Each structure stands twice: as structure tokens, then as C-alpha cells.
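Below, each chain spelled out in residue letters.
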Amino acid sequence: SPSPQGSLLYLDALGAAFPRALTRRGTALLHWTPGCPCAPAGWPLPTLYCTPAAAGALPSRAAALRVQLLFALRQRALHVLEAGLAAELQDALVALRTEWPQLAQELALGRLSPQPGLPEGLRVQLQALLTPDAARAAELRAECTQGFQGIVLRLWPQLEVVVVRTAHGAEWLYCDSLRQADCQGLPFYCPFYQAAGALLGINLWPVEPTPQFLLCPDWAFCEFLPCLANKEPRTVLLDELWEGREYGLVVTAQPGQYRCRTGDVLKVTSFHKQCPMVEPVRRESQTLSVRGESIPEEQFCQSLHRTLRMWPGARLIDYVCVESSLLGDSSGPCAPHYEVFMELQGLRDLSEGQRYKLDQCLQEDFPIYKSFRFKGSIGPLRLHLLRPGSFALLRGALGSPTPMPRVLREEQLLQLLQGSVIS
């Protein structure tokens, strides 16, 4: 969890930008911390939270997020909605869409229903914190009956900001999706940059739309590998960085610990009091390369979003891309290719012409991919639509509170996805 210094800097920046954000019990937390029944995230001011710490420590991710959502719904006068990952907030709001009648009943009765992943002892412990609230239950029913566009601000009209502790790279996809629908009208603030288990930087500018992180020299020992170096690069230190350039990150989190290359690539955007401000731009391991074309994940995502604009009414919920070799014989007899698994809202199916648009965009955006496609050494991309909620189940199956990879290489997770294909 963040260092005390980082936590206090975060609270200072948050309070300056949103004066009511530090109200006692004015923050709801949605974050799965299995096996850690402590004060939420170790903050120095746990009284900020209306969420019981024990709710996040349940053995089941889905049960933890649902219970935390219930306690958040009890508190109408929220000022901050906080999540460890944007995906956790998204999955909690998926649970709201599908389970709001039962959640309203639990609010009205002040009774926590038995459910999978919620041990009876913890259920009784959390049950003791609930009291019946028929008025709030009626409000929940009324708002959900009207639909879910902008539902967050309708349920919590005093909400000022959504805080997502880690939201860079692929996680920013969820923030964009939430801004367009459930969290419409709310700013998002991502305060921390963490890697290799260490807090490395902090975002002191909550109202800026794109997070930039100030690297703090004494939180960990950081070295940087210049990208696009003409020869074998040597690592450089904080005072040797250049604005506008990209660097691979090497971290020694604490004295005596292993020095490791994190796989993150950072871009130096500017300097603040001589300390560099950085923006994470990609993960080195998240590339697609069936013939050595090496398409980075964030650039593939840009092509995907360009394709989405050609599918009227479609909203992307989530996606992963895999190289066809991972599917074995089930990928068919054609040349190696990309297999994309996607969850959409607003469209039930795609025509063959619409499906081909993504392959077409990739060819337009990446000449090397177009060359391989023309030669036939890379086959046409195959796109699969998944049932609603498939990715929430997949994240639960990961059993980890860390972000899910967008370029998938795990066979057991791929099997779960294949079982959710609808077309």
C-alpha cells in the first residue's frame, strides 16, 4: 500500500481540489484485498470511509465488491467513490445493473443475504453494521427503474470525484467506458503510480484529465533505459532524463531487494521543481507478434477504438487479443492470426463486413501488418463477441487484485473466454 508520505500528499491534493472530499465517512471504497482485514488500504485517516474494512477481505472478489457496493448505497451523502482498479468499479456497477432489486431489498430490511463467497461468520459480522432503510431502498428502485445512464451521480448527488488508485495503460479503457455511461458528469482522479510493489510517483493535479506522475526520488531507487538508443543502452538516473523521451523502468524497491526491470515504458512529459513528471505509455510485454510485427497493445487499442466509431451504437466494455497459436487446432487451418474476444453494449451481433473493419484498420495503421497480410503469412483477424458479464467472471477467475492483461497468454483463462462466445 502507499507510503504514509504518499498518502498525505494524496489527501492534501484531493482536499485542495474538492473541499468536501475529506468529510468523515464521505468516501466509499470498492477494492478487493483478500486476506487483509485492515483499515482500508492503510490510509492514515480510515474514518474517511463508510466501508467496513472486513468487506474487502472476503475470499471471493465478486462477493467483496457486492458487499462494498451495498454499504456504499446506504450512504447517500457520498463525496468520493474510490476504487483500487477501474475494473473493480466497473464490475461493482455491473452487479448493480443485474442485482439492484435484491440490493434494494437488503437495504430495506437491513439484512445481508447469504451468497456464494461470503462465509457465514463474516456475514454475521457485517450484518451487525446494517440497519433497515426503506427510504433509501425506494430511492434505489426509482433510479434503477429509469435506466443506468449517469446512475452514479443520480444515486449519490453530492459526489464530487471518482478516485481510481491505479489506472494507466489498459485500465484507462474502463475509465473511458465509465465516463461515457454510469459515471457521466464526474471527474476521475488517478493519484498513484506503482510498479514492482513500490510507490514511485504521485499525481498532484486531480482536475487534469490525463494523469501525470511526479517521480519522488526517495521512495525507491529508479533507473531508466532509454528507448530507441542507437547502441546497447546504459541505465540513466533521475537527473539525466530528457523531456519528451521514453524510458524503460528499472526499480530496486528497498535496500537489499532485487533490482528488476518492471516492463513499464514511461514518457517524460515535463519537470516540476527539477523532478521529472512521467506518463506510463505501454507495457513492453503487451505486444502482438505472430510474425515479428510487434504491435504494441496501446496502439492496437487505438485501432480498435477507430473501428468502434464505424459500428453505430456500439460501446466497448472490454476485450482481449490472443495470438492464434494459443488456441491450437481450434484456431482453424489458416495462417497465424489474431483472435479478438470482445464484450459490447448496444449491438447484439456484427456482420462479416463490420468484423472485417478491425482487420482493415490494423492494415491502415501498421504497414508491416498490411505487408504480412498481403503475402498471406498472417491470416485474417477473427473476432468473437462474448456474453454480458464475461470479463467480470474472468477477472474473478484470475484471483488477483492486479490489472488483467489485455494481450492474453494464459491457456486456462482463454478456455473460460471460449465458453462465453455467442458469435
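Numbering of residues begins from 1 in every chain and follows the order in which that chain's sequence is written. pLDDT decides what is reported in this predicted model: residues at 70 or higher carry local features, side-chain atom pairs at 80 or more are listed and counted, and totals for whole chains, interfaces and linings draw on all residues regardless. For side-chain calculations, the full set of non-hydrogen atoms in the structure is used, while hydrogens and water are omitted.

An unreviewed UniProt entry annotates the chain as GHDC protein originating from Cettia cetti.

Enquirer: I'd like a description of unusual backbone geometry, backed by residues and values.
Expert: Its identity as a non-glycine residue notwithstanding, Lys273 has a phi of 50 degrees, on the positive side. With respect to the element layout, Lys273 can be found in the loop between strand S10 (259-272) and strand S11 (275-283). Accessible area is worked out with a 1.4 Å probe on protein chains only. A residue is then buried under 20% of its type maximum, exposed over 50%, and partly exposed in between. For Lys273, a relative accessible area of 73% corresponds to the exposed category. In this structure, Gln274 takes a positive phi of about 70 degrees despite not being glycine. Note on placement: Gln274 falls in the loop between S10 and S11. By the criteria applied, helices consist of DSSP H or I runs no shorter than four residues and strands consist of E runs no shorter than two, each listed in order from the N terminus.

Enquirer: Describe the packing of helix H3 (residues 86-109) against helix H5 (residues 134-145), naming the residues involved and giving the relevant values.
Expert: At a minimum axis separation of 8 Å, H3 and H5 run at an interaxial angle of 160 degrees. In terms of orientation, H3 and H5 fall into the roughly antiparallel class. Between H3 and H5 lies a crossing of left-handed hand. Listed contacts from H5 to Leu96, Trp100, Leu103, Ala104, Gln105, Leu107 and Ala108 of H3 are Ala134, Arg136, Ala137, Leu140, Arg141, Cys144 and Thr145. Gly is put with the polar residues, along with every residue not named as nonpolar or charged; the nonpolar set is Ala, Val, Leu, Ile, Met, Phe, Trp, Tyr, Cys and Pro, and the charged set is Asp, Glu, Lys and Arg. In terms of residue class, the contact of H3 with H5 is built from 10 nonpolar, two polar and two charged. Fitting a line to C-alpha atoms yields each axis, with helices limited to the stretch in contact; the angle taken between N-to-C directions then spans 0 to 180 degrees. Any angle that falls under 35 degrees is termed roughly parallel, while one over 145 is termed roughly antiparallel, one within 65 to 115 roughly perpendicular, and all others oblique. By convention the crossing between two helices is left-handed if the near helix lies anticlockwise of the far one by an angle smaller than a right angle, and right-handed if it lies clockwise. Residues count as neighbours in contact if any of their non-hydrogen atoms are within 4.5 Å of one another.

Enquirer: Account for the sheet that holds strand S1 (residues 27-30), with residues named and values stated.
Expert: Two strands are said to pair when DSSP picks up at least two bridges between them. Across the sheet, which stays open at both edges, the four strands sit in the order S1-S2-S3-S4 with parallel pairing between neighbours. The open sheet has two edge strands, S1 and strand S4 (188-189), and neither has a second partner. Its contacts with the sheet put H3 on S1, strand S2 (80-85), strand S3 (161-166) and S4, and the angle it makes with S2 is roughly 115 degrees.

Enquirer: So what about helix H9 (residues 352-365)? Which residues, and what values?
Expert: The end-to-end C-alpha distance of H9 is 21 Å, a good match for the 20 Å that 14 residues give at a rise of 1.5 Å each. The angle separating two fitted axes, one through the seven residues that finish at a residue and one through the seven that start at it, defines the bend at that residue. Approximately 25 degrees is the largest bend angle found in H9, and it occurs at Leu358. Where the residues of H9 are buried, they touch helix H8 (297-308), strand S15 (338-345), helix H10 (367-375) and strand S16 (382-385). For a helix, the expected span equals 1.5 Å multiplied by the residue count minus one.

Enquirer: With reference to specific residues and values, describe the sheet that holds strand S14 (residues 315-323).
Expert: Strands in a sheet are paired, the pairing made by backbone hydrogen bonds, and the direction either parallel or antiparallel. With mixed pairing, three strands are arranged side by side in an open sheet as S14-S15-S16. Since the sheet does not close on itself, it has two edges, and those belong to S14 and S16, each with one partner. Mean inter-strand twist for the sheet, computed between neighbouring axes without regard to direction, equals 25 degrees. By the bridge criterion, four bridges tie S15 to S16 in an arrangement that is parallel. For Val340, the partnering residue across the bridge sits in S16 and is Leu383.

Enquirer: If you had to explain the environment of Arg282 to someone new, which residues and values would you point to?
Expert: In this structure, Arg282 sits in strand S11. The class of Arg282 is partly exposed, set by a relative accessible area of 26%. Here the alpha-carbon distance between Arg282 and Gly263, two residues 19 residues apart in the chain, equals 8.5 Å. Ignoring sequence-local partners within four residues, the contact set of Arg282 consists of Cys227, Glu246, Gly263, Asp264, Val265, Pro296 and Glu298. What qualifies as a polar contact is a pair of N or O atoms within 3.5 Å, subject to a donor-acceptor requirement within protein and to the restriction that residues adjacent in sequence count only when both atoms come from side chains. Reaching out from Arg282, the side chain makes a polar contact with the side chain of Glu246 at a distance of 2.9 Å.

Enquirer: Provide a residue-level description of the packing of aromatic side chains, including the pertinent values.
Expert: The way to describe two aromatic rings as a pair is by their centre distance and the angle between their planes. Here is the rule: rings of Phe, Tyr and Trp (six-membered ring for Trp) pair when centre to centre is within 6.5 Å. Planes less than 30 degrees apart are stacked, more than 60 are edge-to-face, and the remainder are tilted. This structure, assessed with the given rule, holds seven aromatic pairs. Joined through ring pairs, the aromatic side chains of Phe300, Tyr319, Tyr338 and Tyr369 make up one cluster. Only lysine NZ and arginine CZ atoms are considered, and such an atom sits over a ring when it is within 6 Å of the ring centre and within 35 degrees of the ring normal. Positioned above the aromatic ring of Tyr319, the side-chain terminus of Arg406 is 5.4 Å from the ring centre.

Enquirer: If you had to explain the nonpolar core to someone new, which residues and values would you point to?
Expert: Soluble globular proteins: nonpolar side chains tend toward being buried together. By size, the foremost hydrophobic cluster in this structure holds 83 residues, and its most contacted members are Leu89, Leu96, Trp156 and Leu200. Take this core: its biggest share by element is 11 residues, from H3. Setting aside chain neighbours within four positions, we find Leu200 in contact with Tyr193, Gln194, Ala195, Leu214, Leu215, Cys216, Trp219, Ala220, Cys222, Leu249 and Val251. Remark: nonpolar core denotes a set of buried residues (Ala, Val, Leu, Ile, Met, Phe, Trp, Tyr, Cys) joined through side-chain atoms within 4.5 Å. If you look at the next biggest cluster of nonpolar residues, it comprises 28 residues, including Trp311, Met342, Leu362 and Leu383.

Enquirer: Describe the environment of Thr166, with residues and values.
Expert: Looking at where Thr166 falls in the secondary structure, it is placed in strand S3. Residue Thr166 is classed as buried on the basis of its relative accessible area, which comes to 15%. With near-sequence residues (within four places) excluded, Thr166 lies in contact with Gly84, Leu85, Ala86, Glu171, Cys190, Phe192 and Gln194.

Enquirer: Can you break down the environment of Val124 residue by residue, with the values?
Expert: Following the sequence through the fold, Val124 ends up in helix H4 (residues 120-127). Note: C-alpha distance between Val124 and Tyr189 (65 residues apart in sequence) is 35 Å.

Enquirer: Talk me through the packing of H8 against H9; I want residue IDs and the actual numbers.
Expert: Between H8 and H9, whose axes approach to 9 Å, the crossing angle comes to 130 degrees. Relative to H9, the element H8 is oriented oblique. Between H8 and H9 lies a crossing whose hand is right-handed. On the side of H8, the interface is formed by Phe300, Ser303, Leu304, Arg306 and Thr307, while H9 contributes Lys357, Leu358, Cys361, Leu362, Glu364 and Asp365. Class assignment of the residues belonging to the contact of H8 with H9 gives a composition of five nonpolar, two polar and four charged.

Enquirer: Describe the domain arrangement of the chain, with residues and values.
Expert: Domain boundaries in the chain define domain 1 (4-190), domain 2 (210-284) and domain 3 (289-419). For the domain bounds, the source is a domain assignment made automatically or taken from a database. When each unit is reduced to the centre of its C-alpha atoms, the spacing between domain 1 and domain 3 is 31 Å. Counting from both sides, the interface comprises 16 residues of domain 1 and, opposite them, 18 residues of domain 3. The quantity reported as buried area is the accessible area (1.4 Å probe) lost by two parts once they are put together, taken as the sum for both. Of the roughly 1400 Å² buried between domain 1 and domain 3 on both sides combined, carbon and sulfur atoms contribute 56%. Of all residues in domain 1, the largest losses of buried area upon contact with domain 3 belong to Trp32, Leu173 and Tyr174, amounting jointly to 32% of the total for that side. Any carboxyl oxygen of Asp or Glu that lies within 4 Å of a side-chain nitrogen of Lys or Arg is treated as forming a salt bridge with it. At the boundary of domain 1 and domain 3, one finds one salt bridge. The residue Asp91 makes a salt bridge to Arg395 at a minimum N-O spacing of 2.4 Å. Residues belonging to the side of domain 1 that touches domain 3 are distributed by class as follows: eight nonpolar, three polar and five charged.

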